[in-house]
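These are the residues of each chain, in order.
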Amino acid sequence: TEFISANDLASLMDVSVNEVIKVCMQLGMFVSINQRLDAEAITIIADEFGYDVEFMTSEEEQALEEMQEENEEDLEERAPIVTIMGHVDHGKTSLLDYIRNANVTAGEAGGITQHIGAYKVKTESGRTVTFLDTPGHEAFTAMRARGAKVTDVVIIVVAADDSVMPQTKEAINHAQAAGSPIIIALNKIDKPGANPDKVREELSQMNILVEEWGGKYQSQEVSAKTGQGIPDLLEKVLLEAELLELKANPNRQAIGTVIEASLDKGRGYVATMLVQTGTLHIGDIVLAGSHYGRVKAMTDHRGRKMKEAGPSTPVQLLGLDGAPQAGDKFLVMESEREAREIASNRSQMQREQSLRTRKHITLDEIGRRL
Ligand code: GDP
Ligand code: MG
């Protein structure tokens, strides 16, 4: 079987495709940019760049296949999952905080906001949007490199009193490589020195032409300080999401991705999981990377207890026997024994691999990778 193209492999390893092609030539393999590579070639090339390759177990693949091969009639609309990316100090954290704190309905007040790496809010129009709140875009890149397609829409934030910066470009490149639609947030519009047209101009120079200028990219002037424009930004996210026709089957066993996980002194292992399809329940047996466990408790980002979590819902979960890695897939299994076996096989493999202290990437078949 052929897995991914030389180009995709290059972006997984964060090197240029030319470097990959060059290395291939040195190895006596002649590949073109879009040529798909088989397992052997991928392993050899990755090795040259210092990576070990992990091919996903067939069971995980099967679950993911099922996830994609749902019957149309079982599918229901789900909330878009959004990542905010951009240059340092352009206002990513401020925007995320503003949105998290502003979109609290009366009934929700009281809960103490916790940083769990993801949250879900209701917009003024009554629809929901899920935000990944992972530090910077390193996490996004890491997750992507680990094979997780999580984000539906990327908001690129650019400070309107500043310029398109190297990390802005990098963020745009990452979003484009992942095939995620982009919305531009022109932040700090409240500042006297704000010049959003200058930023639009700079963006146009990198082929990001905003709608107001006849292009295809939605943009919105916002202030994370005053909140100006933020409801409009959320509506634009929803508009983008509508085009994507995001759907999932809530009536099946949950599949999703680990956002972050750690050991909490009082509570044991705590993992933020994003359910992508199906519904996760208390008592479910979860296999996540090389860990497993029965779901003991679930809470949202306000620390409120949850009994179940449907598609596009992030939860903080208690009950795993360890901390899986950000970007690990999780799935619900019928048999606890089987989950334990797979988890233990994987830890074994990981131990062996870490002995060799190598960098590591995960690949599955093309199309499911990003
Ligand atoms: P990040 O590095 O992208 O996460 O940026 P931060 O959210 O930490 O913001 C960097 C600085 O800009 C902080 O001092 C914020 O208070 C400030 N800031 C962010 N957004 C706005 C805004 O819309 N208006 C103004 N005046 N300041 C902002
Ligand atoms: Mg920040």
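Here the structure is a predicted model, which means the values were calculated and not measured. (Residues numbered from 1 in each chain as written. Chains lettered and ligands numbered in written order. Predicted model: local features only at pLDDT ≥ 70, side-chain atom pairs only at ≥ 80, totals over all residues. Heavy atoms only, no water.)

Draft legend 1. Structural detail: the overall build of the chain. Looking only at helices and strands, one finds 10 helices and 21 strands in the chain. Counting across all 370 residues of the chain, residues that qualify as buried make up 53%. Relative to all contacts within the chain whose residues are 6 or more apart in sequence, the contacts with residues 24 or more apart total 74%. Within the structure as shown, the chain displays about 16900 Å² of accessible surface, and the carbon and sulfur contribution to it stands at 47%. (Helix = DSSP H or I, 4+ residues; strand = E, 2+ residues; numbered from the N terminus. Buried < 20%, exposed > 50% of the residue type's maximum accessible area, 1.4 Å probe, protein only. Contact = heavy atoms within 4.5 Å. Areas by Shrake-Rupley, 256 points an atom, 1.4 Å probe, with all protein chains shown as cover.)

Draft legend 2. Representation of the pattern of salt bridges within the structure. Throughout the structure, instances matching the rule amount to 15 salt bridges. We note a salt bridge from Glu235 to Arg127, for which the minimum N-O separation is 3.2 Å. Here Glu235 is found in helix 9 (residues 230–244), whereas its partner Arg127 is found in the loop between strand 6 (118–122) and strand 7 (128–132), with 108 residues between them in sequence. When its relative accessible area of 28% is taken as the criterion, Glu235 is described as partly exposed. Relative accessible area serves as the criterion here: at 29%, Arg127 is assigned to the partly exposed category. (Salt bridge = Lys/Arg side-chain N within 4 Å of Asp/Glu carboxyl O.)

Draft legend 3. Structural context of the site of ligand 1. As a structural note, the neighbourhood of ligand 1 is formed by 15 residues, with Asp89, Lys92, Thr93, Ser94 and Asp190 the closest of them. In the complex, 72% of the free accessible area of ligand 1, which totals 580 Å², lies under the protein chains. Class assignment for the residues of the shell around ligand 1 results in two nonpolar, seven polar and six charged. (Near = heavy atom within 4 Å. Nonpolar A, V, L, I, M, F, W, Y, C, P; charged D, E, K, R; others polar.)

Draft legend 4. Region of the structure containing the sheet that holds strand 10 (residues 218–221). The sheet built from six strands is open, its strands ordered 6-7-5-8-9-10 with mixed pairing. Every other strand in the sheet has two partners, leaving strand 6 and strand 10 as the edge strands with one partner each. Across the sheet, the axes of successive neighbouring strands diverge by a mean angle of 30 degrees, strand direction being ignored. Inspection of the sheet shows strand 8 (residues 153–159) paired to strand 9 (residues 182–187) by six bridges, in the parallel sense. Paired with Ile156 across the bridge in strand 9 is Ile184. Helix 9 contacts strand 5 (81–86), strand 7, strand 8, strand 9 and strand 10 of the sheet and is inclined by roughly 170 degrees relative to strand 10. (Pairing = 2+ DSSP bridges. Axes fitted to C-alpha atoms, helices over the stretch in contact; angles between N-to-C directions.)

Draft legend 5. Fine view of unusual backbone geometry. One non-glycine residue with positive phi stands out, namely Asp14, at about 60 degrees. Position of Asp14 relative to the elements: it lies in the loop between helix 1 (6–12) and helix 2 (17–26). Residue Asp14 is classed as exposed on the basis of its relative accessible area, which comes to 54%. Here the phi dihedral of Lys188 falls at roughly 65 degrees; this positive angle occurs in a residue that is not glycine. By secondary structure assignment, the location of Lys188 is in the loop between strand 9 and helix 8 (196–205).

Draft legend 6. Region of interest: the environment of Trp213. Relative to the elements of secondary structure, Trp213 occurs in the loop between helix 8 and strand 10. Considered as a pair, Trp213 and Arg200 are 13 residues apart in the sequence and their alpha carbons are 8.6 Å apart. If near-sequence neighbours (up to four positions away) are discounted, Trp213 is found in contact with Asp197, Arg200, Glu201 and Ser204.

Draft legend 7. Representation of the pairing of strand 10 in the model. As paired strands, strand 9 and strand 10 are joined by four bridges and run parallel to one another. By the bridge assignment, Ile184 is partnered in strand 10 with Ser219. For the crossover from strand 9 across helix 8 to strand 10, the handedness is right-handed. (Right-handed = clockwise from strand over helix to strand, strands pointing away.)

Draft legend 8. Region of interest: helix 2. Along helix 2, the positions that sit buried rather than exposed are Val17, Val20, Ile21, Val23 and Cys24. The buried residues of helix 2 occupy an angular sector of 160 degrees when the element is viewed end-on, so they sit on one face. Those residues of helix 2 that are exposed and angled more than 90 degrees off the buried face are Asn18, Lys22 and Gln26. The secondary structure elements touched by the buried residues of helix 2 are helix 1 and helix 3 (39–48). In the stretch just after helix 2, Gly28 is the one whose phi turns positive, near 80 degrees. (Arc of directions from axis to C-beta.)

Draft legend 9. Structural view of the side chain of Thr168. For Thr168, the location among the structural elements is in helix 7 (residues 166–177). Excluding its chain neighbours within four sequence positions, the residues that come into contact with Thr168 are His87, His90, Ile156, Val158 and Ser163.

Draft legend 10. Local environment of helix 9. The terminal C-alpha atoms of helix 9, which comprises 15 residues, lie 21 Å apart, in line with the 21 Å expected from a rise of 1.5 Å per residue. Tucked inside the fold, the buried residues of helix 9 contact strand 5, helix 5 (92–102), strand 7, strand 8, strand 9 and strand 10. Immediately downstream of helix 9, the backbone of Glu245 shows phi near 45 degrees, a positive value. (Expected span 1.5 Å × (residues − 1).)

Draft legend 11. Representation of the pairing of strand 5. Where burial is concerned, most of strand 5 is hidden: six out of the six residues are buried. Where strand 5 and strand 7 come together, three bridges link them in parallel fashion. By the bridge assignment for strand 7, Val82 is matched with Phe131. Relative to strand 8, strand 5 is paired through five bridges, and the arrangement is parallel. Along strand 8, the bridge assignment pairs Met85 with Ile156.

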